[in-house]
Each structure stands twice: as structure tokens, then as C-alpha cells.
Amino acid sequence: MVKYLSKEWAELAKKKVLTELDKARDLKNMNTSLLNIIQNVPPDNKTMYFYIKFIEGNLEELITSSDESIKQKNAEITATGDYTTFVQISSGQMSSAMALLKNRLKMTNKMKALTITKPIDTFNGCIKGIQTEY
Amino acid sequence: MNLSDVLETTKKEPHCGLCKIDFLGTGVCSAGKKHGFVAYWPEGRMELARALAENEVEPSVALLDVVNSCNLCGVCDRQCYFITQRRPTKAQQALKDYVTTLPPNSLKSTPEDEIVKDLRTIVGNNWATNDPIIIASYIRSIIKQKSLGKYYIVMPQTTEEIVAIVKLANKYKIPYLPRGNGTFFGVALQTLLAEPATIEQGIIIDLWRMKDLHVDPETITATIGPGVTSFELQKAAHAHKLRANVAEAESCVCANAQNLGIVTTWSNTYGWGTDNFIDAEYIDSTGTIQHLSDKDIPNPYASEQGLLSLSLIPSVIITKLTLKLHEILDDEQAVFVPFTTLPEALDLAHELAKRNIGISLAVLSRKYLTEFISPTHEIAEDFNFIAEKYLKLNYVVDVICDAQNKKIVEELAEVSFDHAMLKSLILGSSKLASMKESSLLKTIAEEENPLKAVFGGPMRKHFEKGLASSPQELAKVFPEDLRDFFEKLYSKPELTNPVWLHSFRILPCRMERKHMWMYRGGYMPGDKKTILKVIDALEKPAQTYNIDGAFGFLSYLERGKLAHLEYDYYYDHTDPDARKRVNKAIVESWRRQFAIKGVTPLEFICSKGLHRKEHILYPFLPGLSEEELEHFEELIETLFGGEDTW
């Protein structure tokens, strides 16, 4: 069991995606970078960041951080929401698209996000398998 | 009487919520008025009877209170029969009988938890609950059927109480969702929109108690709380000879304004969305009170457009709305121009819209006309048959205007009818239905132009005489014990006055007498070619999936530059197969509508009612490309799963 958004969790997530997902079949050779801005993270309601970058379906980076300098990576898409929403997404209870419809996520560059709905959903489906302490 | 004896009725309960307003002058359910929670209103009792019959909820002590609070006075039967031909007292009687079958002392109270304790501290002990019985009455009108989530219902009375509730929800990290009268949810929750339109657990904020209503005749405005319904606002406005641009009688004005911006037949002159709203007080997700007029907030009118702007849950809770009212003219009259084909009707209506003729202007379908004015669904079906087969009456250009403009419409139209004929059709609808096989109608059908023969020619007198219309005649179609009431009701001038009926909008829920419906359509450029393309885009999926689809009404906005279309899919929402088919038809209709330039399906206006329409509809977006439509399908699959799961 690893703590959600910890370095250990990020390591496991990266390993799981690299070993279990096929870059063409599952990740559709996508090229994108996505910064999740996770607000009100307990216990002290701070903001955390979860950044991923794919090139041709290869997971190049998967980073969690509390340092806002990560914004300098200028992710192509940003998704901002509450901790509870991201827990629901990462644990497979809700897709990020559904969170968007429910007004629980704010997203930039939605048109690009539309084109990667399916592989991102597959990505989330993969990392939900990590034994996580939320 | 067993709960199963009334299951057929309770399952079809459409949750229109009209029982909460005094739209017939009968008064309303005294228990509902006292206790507020939906469980104490006729619609809630119907839902409870269904949920108990289908083992979706266990009885608790609260059930006794709900059941005993009803004295079977019968007010709800009069209201509900007028609209949906249902008799809620039967469900209530079944509930009373059911309670007597429960072993004595078997019912337990629901223990308070920390959240409900805190909610009660905010609103008082009587206005917050975690009791499953009270919660069950909200199923299908804000809570998804068979949801396993833990819910609370709270009924605040002030803005400050809502602030405290939002902060409490944030403290416990649970979602919350406001509920006006549940009319939108009543329709959406039967479809694949159920998941995105509601919350999976958390606090339902029932706004019914927030009924502040102030009309200022000097500024010709009204300021209202979120519990005020369209009927209540219209009544208050009419007392000052003013009119509000409001949706159906039962809908809460603030919720409707926020959700869809309130587009009506009156939008031809009164406009839509922010054309009518002056200011709104609202509470954001942090529990902060803000106003549309605050100078330091981000631009409240800016909005995203198109496919990815879908958001069915509002980001703020409106707690006060100030809106424009409009003066009622002394010489307002109705004129109806009947047509056999839609293009002809669109031509006339568009011409009138461009010239700003018609305070209220719409193209109405045969289906709406016959369903709205007929006292029962069976009569409506016969009337519909007669209109189509004999009269060749398929569409009506429906105009409310001043006397001068009425003359213009009558001059432009080959044939028209007005208040007097509509009154004859309303009061004579049962007689008309009985004439289905009559020689008079067959003779009319043989005329070269049956519409002209009936509404403009020498046969008009015979036709009207044949209807023998009167409240006494009409009352015969109602159950015997309700006849006196309905005879008196239909003797009231407003029940046959088209101007009053257009203002107060008490009839549209008659669409729900037999089946549930799903609103399709949306906004589009006002040219005929686009409108017909959109209708085709909505008709095709209905045909493909064997859904009864029908044009509803079309109104023009901005002098005909834009049009708003309602097309409906009718289906039996208690039939899982019909629900699957309607869901497939919804998705297919989105796909087809998005391929047309400038078209915004209705759902994509949701939660944007307070944004300026200029930000939502302009510029007209190009239709989606094939590639984009493929991504759209992937999005739908991600959201709702594959077709088999719908």
C-alpha cells in the first residue's frame, strides 16, 4: 500500500503503465502533456501536482509534486479539481470526462483533451490497480 | 389496497411537481405545505409507494408521519387528474393500508449522524434529514434510481444558511446539489444523462422554502428567491398588469434561468437569457456570496461553446434573481394560422419574426395543440387523428399580439382562427373526438382545402355548432366524483383564454399523461434550410430506434436570426428496452446535430442560462468533421460505457 500522490505511488504508476500498456493499442501513440492540479489535499489542504507526458505513446514523465514550479513545464492540458475528485478518478470510480460534466474539473485545451479521451481513460484504468492509501 | 395495485401508476409518476402550486385555485396539499420535504407532497407519496413496492427502501418511523399527515382531502386528485389523469389519493390509500400490515413497533427511527446534526444546527431540526424514507421520495427527481450513495436532504430558508451548508459539505468533502422543483431531473434522470446530471452521494439542497418574491412596478422588475415557481411569479406580476418571461408553471424560475436561460414563445420580443436578467446573487463552491454585478469577479457572462461545453451541474447556487418584467397591453389577442406543411408554417412565422410581429410567436405542432387542450390523453389522440386525417392540420403559427398586428396576420394568412374557435375546440374537444367517424368530418376531408373549409369557409359555423362546446359537456369525460369540480373549473374564462394559457403555462405537462418524453433540439440559425436539416437529424434516430418522435414547437429569437426548436422523443420510461433505445437515439441525435453548422443541442446550453447568449451561440461553429465525430463517439463511450450498458 502506498500513499496517493507520494513518490512511491508515482514510481509504481510509471512502472505499471510502462509494463502493462501498449503504446499503440492502448495509448494510441498519443503526444501530449497533462498537468493535474489537485486542490485541498489532506491533511493541510495544500495543492499537489500530478504531471504526465507522452511522446508517441511512450510515457516520458510521470511526476507528483507539491512544488508549483512544475507549472513551468507548460503542459498542453491542465485539469484542476478537488482532492476528492481526483481520488474518484484515480481509483476508477469516475472518469475524468464525467468529472468534467459534473463540473468538478476545470480543464484547459478541451479540444485537445477530446482527442485523447480514450487513451487517458485507459491510463487511469491502469493506475487504479495500484494498492493505494487515499 | 396493496402497493402493487397502484404500481402501474406510481411507476409512471413523471415528477412534474405541479401539485406544489395552486394552479387551479384548489389550494395545495396542506401536509406538503407544512412539512416541505417531497415525501409529504403527492408526487413524493407516489414515489414512496413505488419505492416500497419495489423494495428500494425499508420503512422507518418517518413513514408513519408521512402517511398520517394526509387526510385524503382529494385536492391532489383534482390537480393531478387535470394534468396527468392520475389520482395520487389511490397511492396514499395504498400507503395507509400498507402501514397497517406492518407489525406493531417494528418501525425504527433513523439515528442522526454528525452531518445531519450539523445540518440541523444550521436550518433547525425540522428541515434536515438522513431518513431513508424522506430520501426515497427524491428518487427519480434528483436521486438516480438504485443509487447506493448516502444522502441528506436539507431545506434552507436563507442565503446565509446555504453558505453554511456549502461550507459544511466542503468540510466533510461530500458533494451537494441544489433542487428547485425537480422538473429537469424528472426528465433527465430517466436517460443516460442521469449520471452526469446528479450526484452519487451527498447533500440535496431543496430550495422550496426560499419563496421571497417582490414585484417593483416602478422599475418593472421582480426580485425572487430560488423557491419561486413560474406560476407564482406570473401571478404576482399579473397583479400589476405585468408579465414575466417564464417557463412551464411548475418550474422554479431561478433554476430555469440558470439552467437554460428561459426560452419561451414570448422570446420573440422579450428575448432570452440575460436579455431578461438584471442581477443574480449566488454562492460559489467555496461558500462565498457573489453577484453578477460585482465588479471584481471574472467575467460572469463568458462561456465556452460547442461539444466540450457540456456541464449538467451548475457551478453556483442562485439565491436571488432580479429580472425584467414586461407590460401587458390592453388589446392583446391570440391568432392562430393553421398549416398542413411545416415549410409553409416556417415561412409565415419567420416573416412575422423579422417584422417583430407577435409578442408571443411560435410554430406549434399538431401534437402539442391537441395534447395541451384536450382533457384526456385518449381525446387528444382522437383529436390528433382527426386533425391529421380530416382537417390536414399539422402545424399552427401561434401568435399573441395587439389588435393592429392581429389584422396584419389575418391579412397575410389565407385562413386563421382566434380565441373564440380555440375556446370551442377546448370545450368541444370530447365532442370532436366522438366525431371521428362522422360524415361531417369526412365531407370536410374531401374539400380541396379542408383547413379553409373549417376555419375560413362556410363550414365553419357547422363545425363549431357540431362541437356543441360547453363546460357541462366537457365535464362528462371526467370521473363522476370530479365532474362538478371540472365543470366549474372550465367555466372560468382563463381556462379557455389563449393569452392566459400562454402566460401561465399550466398545460405542457399533459405531454406526460401517457409516456415520459425527452426534450431534443436546441438553438440554431433561423433559416428554414437549417431548421429542416435539424428536424431531419432528430427524426432519423427516432425512426432508427423505433421511438415515437414529434416536432414540438419552434420559436424565433432576435428577429428571426436564431431559432429554438423543441422536438420530443416519447417513450415508456418504465420499460428498460425503451430506455435503451431512447438513449441510443439521444446519442445519435447529438452526433447528427453537431455535424450541422451553427447548431447547439439543448443539453449544451445547460448551466449557461446566465451567460450572455452572444457568448454561447456566436460565432456559429462549423459542423464537426468526421474525425471530430469519431472522437465524440469515444468520449460518449468513456462517459456512458458502450451501447449495451445503456
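Residues numbered from 1 in each chain as written. Chains lettered and ligands numbered in written order. Predicted model: local features only at pLDDT ≥ 70, side-chain atom pairs only at ≥ 80, totals over all residues.

**Points about the overall build of chain A**
Moving on, step 1. Across its full length, chain A carries 5 helices and 7 strands.
Moving on, step 2. Secondary structure elements in chain A, listed N-terminal to C-terminal, are β-α-β-β-β-β-α-α-β-α-α-β.
Moving on, step 3. Its C-alpha atoms give chain A a radius of gyration of 14 Å, near enough to 14 Å, the size a compact globule of 134 residues would have.
Moving on, step 4. A burial count over chain A gives 37% of its 134 residues as buried.
Moving on, step 5. Partitioning the contacts of chain A with sequence separation of at least 6, the portion at a separation of at least 24 is 68%. (Helix = DSSP H or I, 4+ residues; strand = E, 2+ residues; numbered from the N terminus. Rg over C-alpha atoms; globule rule 2.2 N^0.38 Å. Buried ≥ 20, exposed ≤ 12 C-beta atoms within 10 Å, placed from the backbone. Contact = placed C-beta atoms within 7 Å.)

**As for the overall build of chain B**
Moving on, step 1. Helices and strands together make up the secondary structure of chain B, namely 30 helices and 19 strands.
Moving on, step 2. What you see for chain B is a C-alpha radius of gyration of 24 Å, in line with the 26 Å of a compact globule of 646 residues.
Moving on, step 3. For chain B, the C-alpha atoms occupy an extent of roughly 75 × 60 × 55 Å along the three principal directions.
Moving on, step 4. Counting over 646 residues, chain B shows a buried share of 55%.
Moving on, step 5. Residue pairs at least 24 apart in sequence account for 75% of intrachain contacts in chain B once pairs closer than 6 positions are excluded.

**Remarks on the domain arrangement of chain B**
All names here are of chain B.
Moving on, step 1. Taken domain by domain, chain B holds domain 1 (3-206), domain 2 (333-510) and domain 3 (515-645).
Moving on, step 2. Summarising the inter-unit geometry, the C-alpha centres of domain 2 and domain 3 are found 29 Å apart.
Moving on, step 3. On the side of domain 3, 12 residues touch domain 2, which itself brings 15 residues to the contact.
Moving on, step 4. At the level of elements, helix H15 (342-354), strand E13 (360-365) and helix H16 (366-373) are the ones that each hand at least two residues to the side of domain 2 that touches domain 3. (Domains from an automatic or database assignment.)

**Focus: the sheet that holds strand E4 (residues 202-206) of chain B**
In a beta sheet, neighbouring strands pair by backbone hydrogen bonds and run either parallel or antiparallel.
Residues and elements named next belong to chain B.
Moving on, step 1. If you trace the 4 strands from one edge of the open sheet to the other, you get E1-E2-E4-E3, paired in mixed fashion. Edge positions in the open sheet fall to strand E1 (128-129) and strand E3 (176-179), since each of these has one partner strand only.
Moving on, step 2. Where E3 meets E4, 4 bridges bridge the pair, whose relative direction is parallel. By the bridge assignment, Arg179 is partnered in E4 with Asp206.
Moving on, step 3. Running over the sheet, helix H9 (residues 159-172) touches strand E2 (151-154), E3 and E4 and is turned about 170° from E4. (Pairing = 2+ DSSP bridges. Axes fitted to C-alpha atoms, helices over the stretch in contact; angles between N-to-C directions.)

**Describing H15 of chain B**
Residues and elements named next belong to chain B.
Moving on, step 1. The end-to-end C-alpha distance of H15, which contains 13 residues, comes to 18 Å, matching closely the 18 Å that a straight helix rising 1.5 Å per residue would cover.
Moving on, step 2. Taken together, the buried positions of H15 are occupied by Ala345, Leu346, Leu348, Ala349, His350, Leu352 and Ala353.
Moving on, step 3. Once H15 finishes, Asn356 follows within two positions and takes phi at roughly 60°, a positive value. (Expected span 1.5 Å × (residues − 1).)

**Overview of the pairing of strand E10 (residues 317-324) of chain B**
All names here are of chain B.
Moving on, step 1. Where strand E6 (residues 221-224) and E10 come together, 4 bridges link them in antiparallel fashion. When the sheet's bridge partners are listed, Ala222 is paired in E10 with Leu323.
Moving on, step 2. Note: strand E8 (residues 277-283) against E10, 6 bridges, orientation antiparallel. Paired with Ala280 across the strands is Leu321, a residue of E10.

**Some words on the sheet that holds strand E12 (residues 333-339) of chain B**
Residues and elements named next belong to chain B.
Moving on, step 1. Spatially, the 8 strands line up as an open sheet ordered E15-E12-E14-E13-E17-E18-E16-E19, and their pairing is antiparallel. Single-partner strands in this sheet number two, and they are strand E15 (417-418) and strand E19 (600-601).
Moving on, step 2. Strand direction decides the pairing type here: strand E16 (residues 516-525) and E19, joined by 2 bridges, are antiparallel. If you follow Tyr523 over to E19, its bridge partner there is Thr600.

**Side note on the nonpolar core**
Moving on, step 1. Within the largest apolar cluster, 255 residues are counted, with the highest numbers of intra-cluster contacts made by Ala49, Tyr152, Val154, Ile165, Ile205, Ala349 and Val363 of chain B.
Moving on, step 2. With residues near it in sequence (within four places) discarded, Tyr152 of chain B still touches Ile115, Val116, Leu119, Ala128, Asn130, Ile203 and Ile204 of chain B. (Core = buried A, V, L, I, M, F, W, Y, C linked by C-beta atoms within 7 Å.)

**Points about the confidence of the model for chain B**
Detailed reading of the predicted coordinates is not advisable wherever pLDDT is low.
Moving on, step 1. On average, residues of chain B score 95 in pLDDT, and 100% of them reach the 70 mark or higher.
Moving on, step 2. In the predicted complex, the global pTM is 0.95; the interface-specific ipTM is 0.89. (pLDDT = per-residue confidence, 0-100.)

**With respect to the interface of chain B and chain A**
Moving on, step 1. Taken residue by residue, the interface counts 15 residues in chain B and 14 residues in chain A.
Moving on, step 2. Taken together, the elements giving at least two residues each to the side of chain B that touches chain A come down to helix H11 (194-197) and helix H30 (626-640) of chain B.
Moving on, step 3. Broken down by element, the residue count for the side of chain B that touches chain A peaks at 5 residues, all from H30 of chain B.
Moving on, step 4. Residues belonging to the side of chain B that touches chain A are distributed by class as follows: 8 nonpolar, 4 polar and 3 charged. (Nonpolar A, V, L, I, M, F, W, Y, C, P; charged D, E, K, R; others polar.)

**Brief notes about helix H1 (residues 7-20) of chain A**
All names here are of chain A.
Moving on, step 1. If you check H1, its first and last C-alpha atoms are 20 Å apart, about what 14 residues at 1.5 Å a residue would give, namely 20 Å.
Moving on, step 2. Of the positions making up H1, those classed as buried are Trp9, Ala10, Ala13 and Val17. The arc enclosing the buried residues of H1, seen along the axis, measures out at 100°, which places them on a common side. When the buried face of H1 is taken as reference, the exposed residues oriented beyond 90 degrees from it are Lys7 and Thr19. (Arc of directions from axis to C-beta.)

**Some points on the environment of Leu532 of chain B**
Moving on, step 1. Note on placement: Leu532 of chain B falls in helix H27 (residues 528-544).
Moving on, step 2. Along the sequence, Leu532 of chain B and Val67 of chain B sit 465 residues apart, while their C-alpha atoms lie 51 Å from each other.

**Focus on the packing of helix H17 (residues 377-391) of chain B against helix H21 (residues 439-446) of chain B**
All names here are of chain B.
Moving on, step 1. At a closest axis distance of 8 Å, the pairing of H17 and H21 adopts a crossing angle of 45°. Taken together, the axes of H17 and H21 are oblique relative to one another. Note on element contacts: H21 touches H17 through Leu441, Ile444 and Ala445, opposite Ile386, Lys389, Tyr390 and Leu391.
Moving on, step 2. Per-class residue counts for the contact of H17 with H21 are 6 nonpolar, no polar and 1 charged. (Parallel < 35°, antiparallel > 145°, perpendicular 65-115°, else oblique.)

**So, the packing of H27 of chain B against helix H28 (residues 576-594) of chain B**
All names here are of chain B.
Moving on, step 1. At their nearest, the axes of H27 and H28 sit 9 Å apart, and the two run at 150° to each other. By the criterion of interaxial angle, the relationship of H27 to H28 is roughly antiparallel. For the element pair H27 and H28, the recorded crossing hand is right-handed. Taken together, the residues of H28 that come into contact with H27 (itself represented by Val534, Ala537, Leu538, Lys540, Pro541, Ala542 and Thr544) are Ala585, Glu588, Ser589, Arg592 and Gln593. (Left-handed = near helix turned anticlockwise from the far one by under 90°.)

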